[in-house]
Amino acid sequence: MNSDLNDLIDKYRSDNESVFNTWFINNDERLKAFRSIRRGVQSVINDIKNKEFGNDYKGSSLEFVLNCITEQKQVFIGASHAFYWKPKLRIPDIYENEENKMSFGQFLENCFAAKNEEQILKEIINLDEKKIKGLGPAVANILYFLHPEIIPPFNTAIVNGFNHLFKEKVKLGSWAEYLRMREVILQKTISIKNHCQKI
């Protein structure tokens, strides 16, 4: 497995058109996006605190944040879909439910200020326990831009690729499944780093 994974990494790194080379490595635009998204998250936090967030995704500070995220290469296309207000389904339940809205704002604020992995994971577990309808691990795409060294992004393509590569059966829409996926990624990181250092 490690040999196959290392071969795949080598192929990906050597492909000049891969997202690794066109976006992740030495890309000033990517770094600017991180700064813009962090400022945008602060705006979301402040809007919720000041009761200026409104009851719709469109025109909100959250829409600005997700627009910045979806502009970041193929991996983030569709990241905003989970946050569109779907009135008939009442999801995600952060626009009309004031308590859920405040919980989401507090979650973002606590994650923004977090200094380590333990604090972020605690916030994720706390959010999951609130069972806010429609507020699943798509939120990880926002957290990635706050703590990219701790939180991997999450979407259908990533889950499908992860399941294929590691012979897992991680499902969408579950924070528990997301955390399980993250744990496997972390377990593989050491061997990957060791391999890359030899190149």
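Above this text you will find the structure in question.
Rules behind the numbers
Residues numbered from 1 in each chain as written. Predicted model: local features only at pLDDT ≥ 70, side-chain atom pairs only at ≥ 80, totals over all residues. Heavy atoms only, no water. Helix = DSSP H or I, 4+ residues; strand = E, 2+ residues; numbered from the N terminus. Buried < 20%, exposed > 50% of the residue type's maximum accessible area, 1.4 Å probe, protein only. Phe/Tyr/Trp six-rings, centres within 6.5 Å; stacked < 30°, edge-to-face > 60°. Lys NZ or Arg CZ within 6 Å of the ring centre and 35° of its normal. Expected span 1.5 Å × (residues − 1). Contact = heavy atoms within 4.5 Å. Polar contact = N/O pair within 3.5 Å; in protein donor to acceptor, adjacent residues only side chain to side chain. Salt bridge = Lys/Arg side-chain N within 4 Å of Asp/Glu carboxyl O.

Draft legend 1. A look at unusual backbone geometry. In this model, I91 is joined to P92 through a cis peptide bond whose omega is -15 degrees. One non-glycine residue, K51, lies in positive phi territory at about 60 degrees. In this fold, K51 is placed in the loop between helix 3 (28–49) and helix 4 (61–70). Of the residues examined, K51 reaches a relative accessible area of 60% and is grouped as exposed.

Draft legend 2. How the structure looks around the packing of aromatic side chains. Enumeration over the complete set of coordinates arrives at 14 aromatic pairs. Relative to F145, the ring of F34 has its centre 4.8 Å away and its plane inclined at 50 degrees; by these criteria the two rings are tilted. Residue F34 is found in helix 3, and its partner F145 is found in the loop between helix 7 (140–144) and helix 8 (156–166); the two are separated by 111 residues along the sequence. One exposure class covers both F34 and F145, and it is buried. Taking the centre distance of 5.2 Å and the plane angle of 70 degrees together, the rings of Y57 and Y84 count as edge-to-face. Pair noted here: Y57 is in the loop between helix 3 and helix 4 and Y84 is in the loop between helix 4 and helix 5 (98–113), with a separation of 27 residues, a long-range link. One aromatic cluster is present, built from ring pairs that chain together W23, F34, F76, Y144 and F145. The ring of F24 has R30 lying over it, and the distance from NZ or CZ to the ring centre is 4.6 Å. The cationic tip of R38 hangs over the ring face of F112; the distance from NZ or CZ to the ring centre is 4.5 Å.

Draft legend 3. Broad picture of helix 5. Helix length check: helix 5, at 16 residues, gives a terminal C-alpha distance of 23 Å against a target of 22 Å (1.5 Å per residue), a fit within 8%. Taken as a whole, helix 5 has its buried residues at N100, K101, S103, F104, G105, F107, L108, C111 and F112. Elements that come into contact with the buried residues of helix 5 comprise helix 3, helix 4, helix 6 (117–130) and helix 7. Looking at where helix 5 begins, the residue whose side-chain oxygen comes 3.1 Å from the main-chain nitrogen of E99 is N97.

Draft legend 4. Broad picture of the pattern of salt bridges. Tallied over the full model, the rule gives nine salt bridges. A salt bridge links R182 to E117; the nearest nitrogen and oxygen atoms lie 2.3 Å apart. One end of the pair, R182, is in helix 9 (residues 175–197); the other, E117, is in helix 6, and 65 residues separate them in sequence. Overall, R182 belongs to the buried group, its relative accessible area being 4%. The exposure class assigned to E117 is partly exposed, which follows from its relative accessible area of 35%. With a shortest N-O distance of 3.3 Å, E177 and R180 are connected by a salt bridge.

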